[in-house]
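The lines below spell out each chain.
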Amino acid sequence: MSVPLHLSDLLARPDLRLSVTYDVPPHLLARTVEAATVSDLLSPGKWLQGGELLMTIGLLLPMEPAACRAYVRDVAEGGAACLALGLGEGLPYQEAPEPLVTAAEEAGLPLLTVPDEVPFIAVTKAVFDARATEQRAALHRAFATQRRLTAAAAGDGLRPMLAEWTAATGVGAAVLDPLGRLLAAGEREPRTPLAEARDLLDRVAARGLRGSASSTAGGQQLEVQPLGARRLRGLLLLTGRPDDAARSVVPGLVSLLSLELERRHLRDEPERRRRSALLSELLAEEHPAPGRARDMLHSVGLTTERVRGVVVEAVSGDAPRTRAGDAAPTRAGHDARTRTRDDARTRATGAGSGPAAPEPAGRSTAESAESAAQEMAADLALAMPGGLVRVVGGTPGGTTNGTAGGTTDGIPAGAPDRTPGGLSGPVVEAVVGEDLDIRDVLARFAPGRPAGIGPVTAPEAVRVSLRQAAGLLAVSRASGEPAEARQSQASRLLLDLGDRRTLQGYADTVLGPLDLADHGEELLATLAAWLETGGAWDATSRRLGVHRHTVRNRLDKAMDLTGRRLDDPDDRFDLWLATRIRRGGTPSPGSAGRTTAATPPPAQPER
């Protein structure tokens, strides 16, 4: 550990012959001295940085008690560790004046005297020599710690490095995966419960390799550093306050841990390849037996009764090219004070501070897209229980040329020969349990990428779910967020695909006569309510709080103005679509949960 220079150390030096002017308490003598400086200003406080031994001959020192207290208060508020008064023949003072001693004692500021035979420069050199010795010792400790970590890195796994770090620095350390799950710790149990560090871990995971963060929780300092070379592979949680020597070794520790995680990633490739092949086998059968499909899912730990398909475009022409793992929602509600800072240092592993590390020179666009798809698939396989993920497509014509860990053959189960929407390029297909928060996973590992989420199905029907998910890629590309297949949402998807100005023009054409009519808002509200209740007069009157005859009169007037007929299916569809456009594609208040809100009501009105 670092041994700083204390005030008591200077008093113990016989060559300096420094003395205290009053009975200074031990805790004040234990103050750290960071530097020595000389000033005879009446208000030197604003020129101090903290921790100084401030020396003066008292040339302008006031003798009035109130003025002395103001002077001492200024010095103390400037952060000085102590005040030293030079004494001697030809100087203003041969002993410390009583007003100054009293003011220093009241302010809790140590007041020393420097004898005539000791020049101020001797005190200054002593302070800076001690600081230089301290810094050399810290450097030697840093080198020794780095050597111990390097030796531990030659061993097996993460724990030897973390144990050496903790033994050398006294600072706790743990490595977690990008989802915050513990991989290894330097001690039997992490010093801080992971729940207390959850908010901090999420903040760093959201930034990928672009920044670190620190906070305090439970009276302890916490710090999180991202791990990985080109992509986020894990998180380093430090518990405690590293001294200067330990702080200088943190980048080396991050590099060694990142290298180990990259090794693990490569070692896991055969298992990812096996699971990808298993998914291809499941999707190759048009009508797999229910028992066989469930057994295949159970073999990789996916035990939910119902599953869904997910399809993600690996490279989007519209979305910004952020890397998986570089953006994610964060969870709030943690009581710790959190301060996030950018880590401007370029990591020794080669990861930059920008959104993505540059692709190797000479790689084609197709190769880069394929590489990005494989990396995204690996990230998603880590986050999705079962890890049933594969890469399909990627070449003109949609020939399948990749999986989450290698290559496979065949046509994508959820897509035609070309990526849905006409975009030729690799897509990632996955099968997940119905209980997984798939939107959270996509936001973290595929931010900004078009994604389709299929409906929940039985395992033997997951091929259909994947096909529906693939069909939603164009919707997701247009909306800028994952599109999910749900019942009673067909109309919303239709409206999302349309140009807003064109849709509004259509609605104005159909409903324009009502806009110009007296009490036009009442007519529009009544028409919309009647359509949403499936043409039920009583239900409409209850919703609007008016008599059913009033409803009938308003609708008769609306039909006269628009020239439409409620018993004509085409007219009813036009009216229904126009009212839905006016509301932005959402049901009106009070209609949530009604399947009739998403489809036109029956052709024959209730009489």
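This write-up is about the structure you can find in this document. These numbers were taken from a predicted model, which means no experiment stands behind them.

**Looking at the overall build of the protein**
1) Next: A count of helical and extended segments in the protein gives 20 helices and 16 strands.
2) Next: Here the protein holds 607 residues, and the buried ones make up 50% of them.
3) Next: In the protein, 69% of the contacts between residues at least 6 apart in sequence involve partners at least 24 apart.
4) Next: As presented, the protein carries roughly 28100 Å² of accessible surface, and 53% of it is formed by carbon and sulfur atoms.

**A closer look at the layout of surface pockets**
1) Next: Empty space within the second largest pocket amounts to approximately 470 Å³.
2) Next: Together, 20 residues line the second largest pocket, and H265, D268, R272, A378 and L382 are the ones closest to its centre.
3) Next: Of all the secondary-structure elements, those providing two or more residues to the lining of the second largest pocket are α8 (244-267), α9 (269-284) and α11 (365-383).
4) Next: Ranked by residue count, the leading element in the lining of the second largest pocket is α11, at 4 residues.
5) Next: Among the residues forming the lining of the second largest pocket, the class breakdown is 9 nonpolar, 3 polar and 8 charged.

**Comments concerning the packing of helix α17 (residues 520-532) against helix α20 (residues 569-582)**
1) Next: Following both chains from N to C, one finds α17 and α20 inclined at 115°, their axes separated by 10 Å at the closest point. As far as their axial angle goes, α20 and α17 are roughly perpendicular. Considering the relative orientation of α17 and α20, their crossing is left-handed. Listed contacts from α20 to L524, L527, A528, W530 and L531 of α17 are R572, L575, W576, T579 and R582.
2) Next: The residue inventory of the contact of α17 with α20, partitioned by class, reads 7 nonpolar, 1 polar and 2 charged.

**Some words on the packing of aromatic side chains**
1) Next: Scanning the entire structure with this criterion turns up 2 aromatic pairs.
2) Next: A ring pair is formed by W530 and W537, whose centres lie 5.5 Å apart and whose planes are at 50°; its orientation type is tilted. Neither W530 nor W537 differs from the other in exposure class; each is buried.
3) Next: Its end group placed over the ring of W537, R552 keeps NZ or CZ at 4.2 Å from the ring centre.

**Overview of the sheet that holds strand β4 (residues 82-86)**
1) Next: The 5 strands lie next to each other as β1-β5-β4-β3-β2, forming an open sheet whose pairing is mixed. The sheet is open, and its two borders are formed by β1 (19-20) and β2 (35-38), each paired with just one other strand.
2) Next: Bridge analysis of strand β3 (residues 52-56) against β4 gives 4 bridges, and the strand direction is parallel. Following the sheet pairing, M55 is matched in β4 by A84.
3) Next: On the sheet, helix α5 (residues 120-153) packs against β2, β3, β4 and β5 (111-114) and is oriented at approximately 160° with respect to β2.

**Looking at a nonpolar patch on the surface**
1) Next: Taken together, the side chains of L42, L59 and L60 make up a nonpolar region of the molecular surface, amounting to roughly 300 Å² of accessible area.
2) Next: Judged by relative accessible area, which is 45%, L42 ranks as partly exposed.

**A short note on the pairing of β5**
1) Next: Burial along β5 is two-sided: L111 and T113 facing one way and L112 and V114 facing the other are all buried.
2) Next: Bridge count between β1 and β5: 2 bridges; the pairing is antiparallel. Residue V20 lies in a different strand from β5, and its bridge partner there is L112.
3) Next: In the sheet, β4 pairs with β5 via 4 bridges, with the strands oriented parallel. The residue of β5 that forms the bridge with L85 is T113.

Cut-offs applied
Starting afresh in each chain, residues are numbered from 1 along the sequence in its written order. In keeping with the model being predicted, local features are shown solely for residues with a pLDDT of at least 70 and side-chain atom pairs are shown and tallied solely at 80 or more, while totals for entire chains, interfaces and linings include all residues. Each side-chain value is worked out from all heavy atoms of the structure, with water and hydrogens disregarded. Comment: elements are numbered from the N terminus, with helices defined as DSSP H or I runs of at least four residues and strands as E runs of at least two. Under the scheme applied here, a residue whose accessible area is under 20% of the maximum for its type counts as buried, over 50% as exposed, and between as partly exposed, the area being computed with a 1.4 Å probe on protein chains only. Here a residue-residue contact requires only that any non-hydrogen atoms of the pair lie within 4.5 Å. Only the protein chains shown count as cover for residues, and the accessible areas themselves come from Shrake-Rupley with a 1.4 Å probe. With a 1 Å grid spanning the protein atoms alone, the term cavity applies to any set of points in which a 1.4 Å probe fits but cannot get out, the term pocket to an open set with protein on both sides within 12 Å along at least five of seven lines, and the term lining residue to any residue with an atom within 4 Å of a point. Grid points are joined across faces, edges and corners, and a volume is the space filled by probe spheres set on the points. Under the scheme applied, nonpolar residues are Ala, Val, Leu, Ile, Met, Phe, Trp, Tyr, Cys and Pro; charged residues are Asp, Glu, Lys and Arg; polar residues are all the others, including Gly. Working convention: axes come from line fits to C-alpha atoms, limited for helices to the stretch in contact. Angles between N-to-C directions cover 0 to 180 degrees. Put simply, angles under 35 degrees are roughly parallel, angles over 145 are roughly antiparallel, angles from 65 to 115 are roughly perpendicular, and the rest are oblique. Should the near helix be turned anticlockwise from the far one by less than a right angle, the crossing is left-handed, and should it be turned clockwise, the crossing is right-handed. Two aromatic rings, drawn from Phe, Tyr or Trp (for Trp, its six-membered ring), form a pair once their centres lie within 6.5 Å of each other, and the interplanar angle then sorts them: stacked below 30 degrees, edge-to-face above 60, tilted otherwise. Note on geometry: a ring has a charge over it if NZ (lysine) or CZ (arginine) is within 6 Å of the ring centre and within 35 degrees of the ring normal. What makes two strands pair is DSSP finding at least two bridges between them. Nonpolar side chains (Val, Leu, Ile, Met, Phe, Trp, Tyr) within 5 Å and like charges within 9 Å form the patches, drawn only from residues with over 30% relative accessible area and no salt bridge. In what follows, salt bridge is the name for a side-chain nitrogen of Lys or Arg lying within 4 Å of a carboxyl oxygen of Asp or Glu.

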